[in-house]
Amino acid sequence: MGAEALSAGGPSGATRIDYAAELNEQQLAAVTSPGGGALVIAGAGSGKTRTLTYRVAWLLENGLHPWNILLLTFTNKAAREMLARVTELLGPDADGIWGGTFHSIGNRILRRHAGLIGFRPGFSILDREDQSDLLKSVAADAGAPVRDKRFPKPDVLAELFSLSANTGRPLPEIVHERFGYFEDILDPIAAVHAAYDRRKQAANVMDFDDLLLRTNQLLASHADVAEHYRDQFRHVLVDEYQDTNLVQSELVHLLGSKHGNIMVVGDDAQSIYSWRGANFENILNFPKRHTGAQTYRIETNYRSVPGILDVANAAIRGNVRQFEKNLRAWRKEGARPVLAELPTNNDQAAYVVSQILELNRQGIEFREMAVLYRAHFHSMEIQLELTRRGIPFEVTSGLRFFEQAHVKDVAAFLKFAVNPSDETAFRRMVRLLPGVGEKTADSLWSAVRAGSASPAPFGEVLLRAKPPSRAEKIWSQLAATLDEIAPDRKPIAPDRAIEAVMEAVYEDYMRAEFANYENRREDLRTLAGYARQFGSTEDFLAQVALLTNVDGTGSRADTETDRVVLSSVHQAKGLEWRAVFVVWLSEGMFPSSRSVEKPDALEEERRLFYVAVTRGRDHLHLCYPQIRLGGGYGEPFQRRSRFLAELPAHLLEKPGADEKPRAASPAKKTGSRDWWY
DNA sequence: AGAGTGGGCCTTTTT
DNA sequence: GGCCCACTCT
C-alpha cells in the first residue's frame, strides 16, 4: 500500500540527495521505507529529526506532492525546525506540506468546517487562563458550591476536564483514579462540565482540547469531509509519538487510514508526559494496531561520550515496560561521568558553580552548559550562587510572551471585535475599566449579549449597558474604539487594530497600572509588527493562541547570549549541551516524592532521569546533597536517589582532585538508614 | 471594588 | 521560606 506513489520516480528527474552517504544504515532503512505502517524507535541523540526530515525529502523526490504529506509534531518549535530543515534540503519544492502541531492542524481543518458541528468558522481559541476565567463564571452560574472550600478551583476543574478529554475517558473515571477526594461531589463537577461545554458553544469559542476533540468529532460524523482529507494525506508522519495521547493517535488514524502510510517516530524511553494525558501505550501498541507495520530501530548515538551512554543504558534498565534497546556510542572516548555527593544543598550549588567555572577555563562556553533538575524550586541556590559569582545564566520558565497580561488584554479587544459572542474576551476587556470588577462585568455582559450578535454598530450595542458612573466616559470611548477596529463589524488589519486600541485606551491604562510601562509598550509595538504579516485579524488571533512561544519576537532580547542554562528536565528534552549537571538526585526530589509509591509514575521518573543523562555530550555530573538547609518544610536529611543506587559504581567517578567538595565526611550508605528517620 | 492580612500549601507543561 | 487565596475592612 502506498508504494505506488513512490515507485514512479520524481517528475523533477535526478535525485539531488545522496541518501546512502548522508545517513547511517538504520536511518537509511527508515527513510526509504516502502510505506504502510512504520514505527521508528529512535534512541536519544540518534538523529531522529534528521531521519524524519530526510524521509520527507525522500517522499518528495520520489514524486509525492507536498500537499499529500501531513507532518505532525508536538510543539511549534519542532514543527518549525522540521519544516525549515526540509526546505533546506529541497528548497521551494517542499512548499505546501501540511505540517504543524496537532492543534494547529485541527484548527486549520475546523476553520473550514466548524459550521457542521455547531460552531461558526470565526470561533476564538481559549488558552488556559481564558479557560479558567470562563470556568469560574460557569461554575458560579451552574450553582456549584464554589464557596465550599472543598470544591475544586477553576484551574483544578480545567485540569480534570482536560485530562478526561485527552485520555478519552469519562470524568467519573478520572476523578476516581486521580482525584478520589472529589468523588462525593462528582455531580456538581459533572454539572459544571456540561455547562462549560454549552457555554463554549454559545460563545463560539474552543479550548485547546476542543481543537483535537472537535476535529475527531467532525471527521467521525461527516464521512465526506473525512474522505476528503483521507484522500489528500497519502503519507502521515508523526514526531515524538511516545508523547501523543489517545485523541491524537485517534486523529492520526482517522486521517491516515485510507492510504495506511503512517510513520511514527519516537522513543518510548523518553515518554515523560503521561501525567498530562500522554499515552505511552500508543507507541508500545503501534505494531498491534497497524498489522504488518515495520519496526525500525535507530540506535547509534552521535551525541555523547561512551561513559555517558553507559550510564544512560544502565539507568533505563530498571524499567520493565519498554522496547529493548541499547544505545551504541559513535564517539570513541571522553570523560567518565562524575558522582558528586555534597554535604548540603549550598555545597551542591558551590560545587556546580565551581565546576562551571573550571570547564569555562578549559574553553567551554557558558551556553554549552546546563543545570537540570526535577522541579523549578530545585534551582534556587544555584541561581543565588551564579549571581554571587557573576556568571550569566537563564532560567527556562516563567511566562511566555503571549501569556503576559498586557498582550492578552489587547488581544481581548480584537477577539471581541472578531467574535462578539466571546464573553471571555468581553469580560477581560471591560474589567480594565475603572470600577468594573467581576459582578459589574456580569451585568454588562447580560446587557450587551443579545445585541452583540446583531450587526448593529458597537456604539449602539454598548449603549444598552449601564457602566458605573466612573467609567461612563471611557465606556463610549470603548464603543468607538470597537467600531474603529471593526467598522460595520468587519475587522480591519490586526496591526492597525492593535495600534488603535493602544492609542484609544490601553496606553493610559498601562501607564497607570504598570511600573514597567515602557517595556510593555515596546512589547505591544513588537506584537503589532508581528501582526503585520497576517492577512486577517482572525488568522492573527488563532496564531497568537496557538503559538505561545517567545522566540521570533525578541524586542527585548538580552544582548548577553553566553549564558548557563537552568532548566527542568522536561523542558530540556530534545536539547543537548557539552556539560550537564543534574542536581538534587535524592529520594523525594528526583524521583519526586509523589511518584515513589506508584510503579507507573516511578517508571516515568526513571525515563525522566534517562532524558536528563542523555542531554550531555562531553561532561556529566550527577549531584545530590546529604542535608537540606534552609528549606521550610519536609525532611532535612536527604537520601541518595535510587536512580543513582541502580548504577554500577564503576561507571562513575568521584569529583576531580582540584575541585573537591568541601566537607569530606565519608558518607555511610546502607545500614544507617534508620538514623535518617 | 480594592487594599490589607493571615492561613494553608507546596511537581513536571504544551497547545 | 514564599506564594496564593480567602476573608475582612474601608
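Cut-offs and rules
Residues numbered from 1 in each chain as written. Chains lettered and ligands numbered in written order. Predicted model: local features only at pLDDT ≥ 70, side-chain atom pairs only at ≥ 80, totals over all residues. Helix = DSSP H or I, 4+ residues; strand = E, 2+ residues; numbered from the N terminus. Rg over C-alpha atoms; globule rule 2.2 N^0.38 Å. Buried ≥ 20, exposed ≤ 12 C-beta atoms within 10 Å, placed from the backbone. Contact = placed C-beta atoms within 7 Å. Pairing = 2+ DSSP bridges. pLDDT = per-residue confidence, 0-100. Near = placed C-beta within 6 Å. Nonpolar A, V, L, I, M, F, W, Y, C, P; charged D, E, K, R; others polar. Expected span 1.5 Å × (residues − 1). Axes fitted to C-alpha atoms, helices over the stretch in contact; angles between N-to-C directions. Parallel < 35°, antiparallel > 145°, perpendicular 65-115°, else oblique. Left-handed = near helix turned anticlockwise from the far one by under 90°. Core = buried A, V, L, I, M, F, W, Y, C linked by C-beta atoms within 7 Å.

Visitor: Just to check I follow, could you spell out the overall build of chain A for this structure?
Guide: In terms of helices and strands, chain A carries 29 helices and 16 strands. For chain A, the C-alpha radius of gyration of 27 Å lies close to 26 Å, the compact-globule estimate for 677 residues. Taking the principal axes of the C-alpha coordinates as reference, chain A spans close to 80 × 70 × 55 Å. Considering chain A as a whole, with its 677 residues, one finds that 45% of them fall into the buried category. Look at the contacts in chain A between residues 6 or more apart in sequence, and 78% of them connect residues 24 or more apart.

Visitor: Sorry, what's going on with the pairing of strand 1 (residues 38–42) here?
Guide: Each regular strand carries side chains that alternate between the two faces of the sheet. In terms of burial, strand 1 is a largely internal element, 5 of the 5 residues being buried. The alternating pattern of strand 1 places A38, V40 and A42 on one face and L39 and I41 on the opposite face, and all of these are buried. By the bridge criterion, 5 bridges tie strand 1 to strand 8 (residues 294–298) in an arrangement that is parallel. Within strand 8, the residue paired with V40 across the bridge is Y296. With 4 bridges connecting them, strand 1 and strand 7 (residues 262–266) associate as parallel partners. Its bridge partner being in strand 7, A38 is matched across the sheet by M263.

Visitor: Is there a simple way to think about the confidence of the model for chain A in this case?
Guide: With 92% of its residues at a pLDDT of 70 or more, chain A shows a mean pLDDT of 86. Of the regions scoring below 50 in pLDDT, residues 550–558 engages in 10 contacts with residues more than four places distant in sequence or in other chains. Contacts of residues 657–677 to residues separated by more than four positions or lying in other chains number 18 contacts, the stretch itself having pLDDT below 50.

Visitor: Any chance you could explain the protein's contact with DNA strand B here in plain terms?
Guide: As a matter of local geometry, DNA strand B sits amid 31 residues, with T75, H103, F208, G437 and S568 nearest to it. Contributions of two or more residues to the surface near DNA strand B are made by helix 5 (76–90), helix 6 (102–113), helix 20 (438–452) and helix 26 (569–572). Broken down by element, the surface near DNA strand B gets its largest block of residues, 3 residues, from helix 20. Its residues assigned to classes, the surface near DNA strand B comprises 7 nonpolar, 18 polar and 6 charged.

Visitor: What should I look at first to understand helix 11 (residues 208–221) in this one?
Guide: Counting along an α-helix, one turn takes 3.6 residues, and residues three or four places apart therefore face a common direction. For helix 11, which comprises 14 residues, the first-to-last C-alpha distance of 20 Å matches the rise-based estimate of 20 Å (1.5 Å per residue) to within 8%. Burial analysis of helix 11 places 10 of its 14 residues in the buried class, the great majority of the element. Structurally, helix 11 contributes buried residues whose contacts are with helix 6, helix 8 (154–167), helix 10 (186–203), strand 5 (205–207), helix 12 (223–232) and helix 13 (246–256).

Visitor: Quick question: what am I supposed to make of the sheet that holds strand 12 (residues 369–373) here?
Guide: Picture the strands of a sheet paired through backbone hydrogen bonds; they go either parallel or antiparallel. Read across the open sheet, the 6 strands follow the order 11-16-15-12-14-13; overall the sheet is parallel. One side of each edge strand has no neighbouring strand; the edge strands of this open sheet are strand 11 (338–344) and strand 13 (393–395). Looking at each pair of strands side by side, their axes are set apart by 20° on average, direction ignored.

Visitor: Is there a simple way to explain the packing of helix 19 (residues 423–430) against helix 20 in this structure?
Guide: Describing two packed helices takes the angle between their axes plus the distance from one axis to the other. Where helix 19 contacts helix 20, the two axes come as close as 10 Å, and the packing angle between them is 130°. The pairing of helix 19 with helix 20 is recorded here as oblique in orientation. Regarding helix 19 and helix 20, the two cross each other, and that crossing is right-handed. Where helix 19 abuts helix 20, its residues E423, F426, R427 and V430 lie against A441, L444, W445 and V448.

Visitor: What am I meant to see in the nonpolar core here?
Guide: Counting 128 residues, the largest nonpolar core has V40 and V501 as its most contacted members. Ranked by residue count, the leading element in this core is helix 18 (residues 405–418), at 9 residues. Judged by nonpolar contacts, the second largest core, of 61 residues, contains V338, Y351, F581 and M589.

Visitor: In this structure, what is going on with the sheet that holds strand 1? I would like to understand it.
Guide: Strand order in this open sheet of 6 strands is 3-2-6-7-1-8, and the pairing throughout is parallel. Since the sheet does not close on itself, it has two edges, and those belong to strand 3 (98–101) and strand 8, each with one partner. For this sheet the average axis-to-axis angle between neighbouring strands, irrespective of direction, equals 15°. Taken together, the 3 bridges between strand 6 (residues 235–238) and strand 7 define a ladder with parallel strand orientation. Counted as the bridge partner of V236 is I262 from strand 7. The strands that helix 6 touches are strand 2 (69–73) and strand 3; relative to strand 3, the one it contacts most, it runs at about 120°.

Visitor: What exactly am I supposed to notice about the environment of A94 here?
Guide: Mapped onto the fold, A94 is located in the loop between helix 5 and strand 3. C-alpha separation for the pair A94 and V56, spaced 38 residues apart in sequence, amounts to 8.7 Å. Once you skip the residues sitting within four places of it in the chain, A94 turns out to touch L60, P66, V86 and T87.

Visitor: Looking at this structure, how should I read unusual backbone geometry?
Guide: Glycine aside, negative phi is the norm for most residues, and most peptide bonds take the trans geometry. At the junction of F590 and P591, the peptide bond is cis and its omega measures out at 10° in the coordinates. Structurally, P591 can be placed in the loop between strand 15 (577–582) and helix 27 (599–613). A positive phi angle, close to 50°, is found at E240, a residue other than glycine. Within the chain, R489 stands out as a residue other than glycine whose phi angle is a positive 65°. Within the secondary structure, R489 sits in the loop between helix 22 (472–485) and helix 23 (494–513).

Visitor: Even after reading the chapter, I still don't get the packing of helix 18 against helix 19, so can you show me in this structure?
Guide: Contact pair helix 18 / helix 19: the axes reach a minimum separation of 8 Å and the direction vectors enclose 130°. Considered as vectors, helix 18 and helix 19 are oriented oblique to each other. Helix 19 is crossed by helix 18, and the crossing has left-handed handedness. Within the contact between the two elements, helix 18 uses D409, A412, F413, K415 and F416 and helix 19 uses A425, F426, R428 and M429.

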